[in-house]
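# Residue-level structural notes
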Amino acid sequence: MDKVVKIDIYDQLLEKRPDKNFYLYYVLKGQITMTLSQGATVMNVRDILVVNPNEQVAIDCADSVYVQISISSNELLRMLDYKKVVIMCNSQKETGRLFDKFRVLLDELIRVSLEKDYYYLHYQKEMYQFLSFLITNFSNNLFIEDEEEARKHSILAYIHANYAEDLSLQMIAERFNVTPQYFSKYFKETFQRTFLKFLTEIRLEQALIEVVNTTDTMLKIALDHGFPNQNSFSKAFKEVYGVNPTDYRRTHFEERDILESIRSSEVKQLLAGKVAEPNNDRHEVTVVMDQGRELLTPYWFNLLNLGSISKIFDNGLNKQIHELKKEMPFKTARVFLDNQLTVNPTFFIEEKALDFLVSHEFRLMLVIDYRDIAENSRFDEYFEKFLTHFINRYGIKSIRNTTFELLYNTYFTREKAKKYAALFNKLAAILDKLKLSGNLLGPGLQMDNEGENLLQFLKENQQLRRLTLTIAPYSIEKYGNKLYINRKSDTSYILQQYELAKRIGRTQGIEDIMITSWKDGLNEYSTLNDSSYRGASILKNMIDAYGRIESLPIDQPFDLMLPVTSNAPLTGMPGLITKDGVKKASFYSLKFLNKLDRYFLYKDETILVSRSDDHYLQMVCHNCKRPNYKFYSHEDEGVLTDQIDELFEDSDPKRVKVTINRIKNGQYILKSREISEGQGSCLSVFHEMGFENLSFFGRDELDYLLSASKPIIRGQQLTADNHCLEIEIEMKPNEIRHLHLVYVH
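Residues numbered from 1 in each chain as written. Predicted model: local features only at pLDDT ≥ 70, side-chain atom pairs only at ≥ 80, totals over all residues. Heavy atoms only, no water.

## Examining the overall build of the protein
Inclusion rule: For helices the rule is a DSSP run of H or I covering at least 4 residues; for strands it is a run of E covering at least 2, with both sets numbered from the N terminus onward. When a residue's accessible area, from a 1.4 Å probe over protein chains only, is under 20% of the maximum for its type it is buried; when over 50% it is exposed; and in between it is partly exposed. Here, two residues are considered to be in contact whenever any of their heavy atoms come within 4.5 Å of each other. In this description, accessible areas are obtained by the Shrake-Rupley approach with a 1.4 Å probe, and a residue is regarded as covered only by the protein chains that are shown.
Regarding its fold elements, the protein presents 24 helices and 29 strands. Considered along the principal axes of its C-alpha atoms, the protein spans approximately 90 × 75 × 60 Å. Considering the protein as a whole, with its 745 residues, one finds that 53% of them fall into the buried category. For the protein, contacts bridging at least 24 residues in sequence account for 76% of all contacts bridging at least 6. Summed over its atoms, the accessible surface of the protein is roughly 34300 Å², and 48% of this surface lies on carbon and sulfur atoms.

## Side note on the nonpolar core
Applied cut-off: What makes a nonpolar core is a set of buried Ala, Val, Leu, Ile, Met, Phe, Trp, Tyr and Cys residues whose side-chain atoms join them at distances within 4.5 Å.
Counting 116 residues, the largest nonpolar core has W300, L357, F383, L406 and L590 as the members making the most contacts within it. With 8 residues, helix α17 (residues 414-433) is the single largest residue contributor to this core. The contacts of F383, once residues within four sequence positions are left out, are L337, I368, F404, L427, I430 and L431. If you look at the next biggest cluster of nonpolar residues, it comprises 36 residues, including L24, C89, F99 and L109.

## Focus on the packing of helix α7 (residues 195-213) against helix α9 (residues 230-241)
Rule in force here: In this description, a line fitted to the C-alpha atoms serves as the axis of each element, helices being fitted only across the stretch in contact, and the angle between N-to-C directions of two axes falls anywhere from 0 to 180 degrees. Angle categories: roughly parallel below 35 degrees, roughly antiparallel above 145, roughly perpendicular from 65 to 115, and oblique for all the rest. Each residue gets one label: Ala, Val, Leu, Ile, Met, Phe, Trp, Tyr, Cys and Pro are nonpolar, Asp, Glu, Lys and Arg are charged, and the others, such as Gly, are polar.
At a minimum axis separation of 11 Å, α7 and α9 run at an interaxial angle of 95°. Regarding the angle of α7 to α9, the classification is roughly perpendicular. Of the residues in α9, those in contact with T200, L204, E205, A207, L208 and V211 of α7 are F233, A236, F237, V240 and Y241. Looking at the contact of α7 with α9 residue by residue, the class counts come to 9 nonpolar, 1 polar and 1 charged.

## A look at the sheet that holds strand β28 (residues 724-731)
Applied cut-off: When DSSP finds two or more bridges between a pair of strands, those strands are recorded as paired.
As summarised here, the arrangement of the 3 strands in space is β11-β25-β28, forming an open sheet in which the pairing is mixed. Of all the strands in the sheet, the pair left with one neighbour each is β11 (282-288) and β28. Going across the sheet, the axis of each strand differs from the next one's by a mean of 15°, ignoring polarity. The sheet contact formed by strand β25 (residues 654-661) and β28 spans 8 bridges and is antiparallel. Each residue of the ladder has a partner; that of K657, found in β28, is E728.

## Thoughts on the pairing of strand β3 (residues 22-29)
Most of β3 is tucked away, with 7 of its 8 residues classed as buried. With 7 bridges joining them, β3 and strand β8 (residues 65-71) adopt antiparallel strand pairing. What sits directly across from K29, in β8, is V65. Bridge analysis of β3 against strand β6 (residues 48-51) gives 4 bridges, and the strand direction is antiparallel.

## With respect to the pattern of salt bridges
A side chain with one charge can pair with a side chain of the opposite charge if their charged atoms come near. Worth spelling out the cut-off: Note on definitions: salt bridges are taken to be side-chain nitrogens of Lys or Arg within 4 Å of carboxyl oxygens of Asp or Glu.
With the rule as written, the count across this model stands at 47 salt bridges. Close ionic contact of D107 with R46 constitutes a salt bridge, the shortest N to O distance being 2.9 Å. Taken together, the residues span a long stretch of sequence, with D107 in helix α2 (residues 97-113) and R46 in the loop between β5 (39-43) and β6 at a distance of 61 residues. Residue D107 is classed as buried on the basis of its relative accessible area of 2%.

## What about the side chain of R103?
Positionally, R103 belongs in helix α2. Residue R103 is classed as buried on the basis of its relative accessible area of 13%.

## Structural notes on helix α12 (residues 317-327)
Put simply, the rule reads: This arc is taken over the directions from the axis of the helix to the C-beta atoms.
For α12, the complete set of buried residues consists of L317, N318, Q320, I321, L324 and K325. Projection of α12 onto a plane perpendicular to its axis shows the buried side chains occupying an angular sector of 160°, all on one side. Exposed residues pointing more than 90 degrees away from the buried face of α12 are listed as K319 and K326. Summarising the contacts, the buried residues of α12 are in contact with β13 (303-308), α13 (348-359) and α21 (585-594).

## As for the sheet that holds β6
Here 4 strands make up an open sheet; going across it, the order is β1-β8-β3-β6 and the pairing antiparallel. Looking along the sheet, the strands with just one partner apiece sit at the ends: β1 (5-10) and β6. Between one strand axis and the next, the sheet turns by 20° as a mean value, whatever way the strands run. Running at roughly 90° to β3, α2 makes contact with β1, β3, β6 and β8 of the sheet. Most of the contacts of helix α3 (residues 120-138) go to β1, to which it runs at about 95°, and overall it touches β1, β3, β6 and β8.

## Remarks on helix α18 (residues 452-460)
Of the positions making up α18, those classed as buried are N453, L454, L455, Q456, F457 and L458. If you follow the buried residues of α18, they end up packed against α17, β17 (440-445), β18 (466-471) and α19 (493-507).

## As for unusual backbone geometry
A cis amide bond links G442 to the next residue, P443, at an omega of 5°. As for its placement among the helices and strands, P443 is situated in strand β17. With a phi angle near 60°, E361 is a residue other than glycine that sits in the positive phi range. Considering the arrangement of structural elements, one finds E361 in the loop between α13 and β15 (363-369). The class of E361 is exposed, set by a relative accessible area of 66%. Residue N722 is not a glycine yet carries a positive backbone phi of 50°. Overall, N722 belongs to the exposed group, its relative accessible area being 72%.

## Some thoughts on the packing of helix α23 (residues 682-689) against helix α24 (residues 699-708)
As a reminder of what qualifies: Each crossing gets its handedness from the near helix: less than a right angle anticlockwise from the far helix is left-handed, clockwise is right-handed.
Closest axis-to-axis distance for the α23/α24 pair is 9 Å, and the angle between their directions is 140°. When the interaxial angle is binned, α23 and α24 end up oblique. Seen along the crossing, α23 lies across α24 with a hand that is right-handed. Together, C682, V685, F686 and M689 of α23 and E701, Y704, L705 and A708 of α24 make up the contact between the two elements. Of the residues belonging to the contact of α23 with α24, the class tally is 7 nonpolar, no polar and 1 charged.

## Examining the state of the cysteines
The following threshold applies: The disulfide definition used here is simple: a pair of cysteine sulfur atoms within 2.5 Å.
Enumeration over the complete set of coordinates arrives at 0 disulfides. Of all cysteine sulfurs in the structure, the one in C624 sits closest to C621, which takes part in no disulfide; the separation is 13 Å.

## What about the environment of I554?
Looking at the secondary structure, you find I554 in the loop between α20 (532-545) and α21. You can call I554 buried: its relative accessible area is 8%. A sequence separation of 83 residues divides I554 from I471, and the C-alpha atoms of the two residues are 9.8 Å apart. I554 has contacts with N305, W518, R534, I538, L576 and L590, leaving out every residue within four places of it along the chain.

Rendered as structure tokens:
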């Protein structure tokens, strides 16, 4: 049996006892019914499901063929540096290109496993490629918050990963930087048995799986599981199970009708044919110049998050808001009413902030955080006085255009949801009293993987008619009694979550759903926030979601919205603009979108094309690269590396060809604005400046960084013949580009 992965193919009933390994099930033919501890589920052809350790499985089927891939949790622990993970992989719950790619890997792994006696090296390559994809895209680290609990986990993880080695008390004590005497005493007090006894139990537990499920010799099983010889294995086995391993196998071995190699040809027929890898290095599109006059919908400017109302004038944030508004037509400002303002309500701070926003022609969305005010008995009185004050100041018409969001920004429990409902009803009554009914939204919830928290929340909050959502590439989930972050590596997570919320909303009679906060990473601080990748990621997601959603506001569009903890010019914060006013690639992704013309013409996963009333076209496009395992394995700690290119699956350029038909013949100028990691990105400019010692980085250097961090602009003359014009460009990795085609009169 392979030490890491074992592949079995079945065509009949199966019962798997609980053990400490992971199991992946993949249906090749027909339909199977899988019964787990949480209930039964039906799996159809090409469905994939991973079962985590210590789960009993029963499979019922008729005229079906399915694959069971067992993955050694001990070997996985070793590979993952003893991090404990849970794998959440269920193709029935999540769809998209990620699973399409995974099926291609699975098919190839199964195919070569049938021939591995001849092509063992190829099998090893496919096996590790499969494991890398599985761990990168579907595994999640379990939270261990208690320090003592974390220490116990580290010890157990190390033993499980290394039990098959010649593991002595001296070795493990050195691993944890203590004396053998101390470790021995600590282990016995903590686990109520000696280290040697525990190690033998683990070895026997793992050896038992092979005694029952393989035809390996007892000597091989003994040596594979850390026993020095067959006699010591048999003696230890008999002490625990009452009989020697040979007799145990004779009693418990279950003959299964496994598909033998003679039927491998049938299995190969069930596998999908080898799929040629799509050529992602070349992208060709054709657009028709006079193809309708659908107005472009710049939904990316519908909402701007500005944080706390009391912080708008802190550290010059108001000046950056002013500059951003001058360059981009954001419509609504979303700001938080601070709980501390209720202590002495003079409304001076609120007036100053709201006057500023109204003078910049923002509509207002005022956010009330449920966590902040749930226990504040003064808030009801403050809220009513606040509304009355600003109705008098701005007029009832202006306030009627204001929306209010009661944010439920906490882990879901039924008790909290009921308290939220009571508070929502109180605030709604105040709004009704002032003839502002219907303006209260909520809950701004960040959904779990299946949206169960949103569904249960809505059942406790039937008064909600308009929903707000927080979108992020992760969710907080529970596995047993431990929490973990379920990281979404599928780049279509925004639409997946939005569509799931819509389906859940419809079950409660709700159609109006709005995204009020979008987080594009797991950690607020990352070098990538200052790189061209961040700009490419924003542009990619904005193009993907065009025509599907009404808003996608970045959670923290200014670095100044976060505490300033460093004098460095670039700090990896998530804003579009640094604390010193340096404009990042993420800023220019929105600036490029703002240059688009009046009419929508075409979009796909790479490019969005618009046109004017005249013979002008404006386009935005990107070469956003997919992060690799290095990125995901360190994302929760913050990706803080200068080797940006090492964090992506490839670093290939992309050739984009746009053919425009029915265009007016004649001469054209193509203007191109470009930002990539080698050109115009503030991160690359800063690295080129070479100031490792920041004590020498002064005002002149900052002025240079401010002036150099901008797109490069190029021009090119083109000719349209036979009412056809072709544009060809080559984009660097994580480049964003704006193209403007102008007719020469």
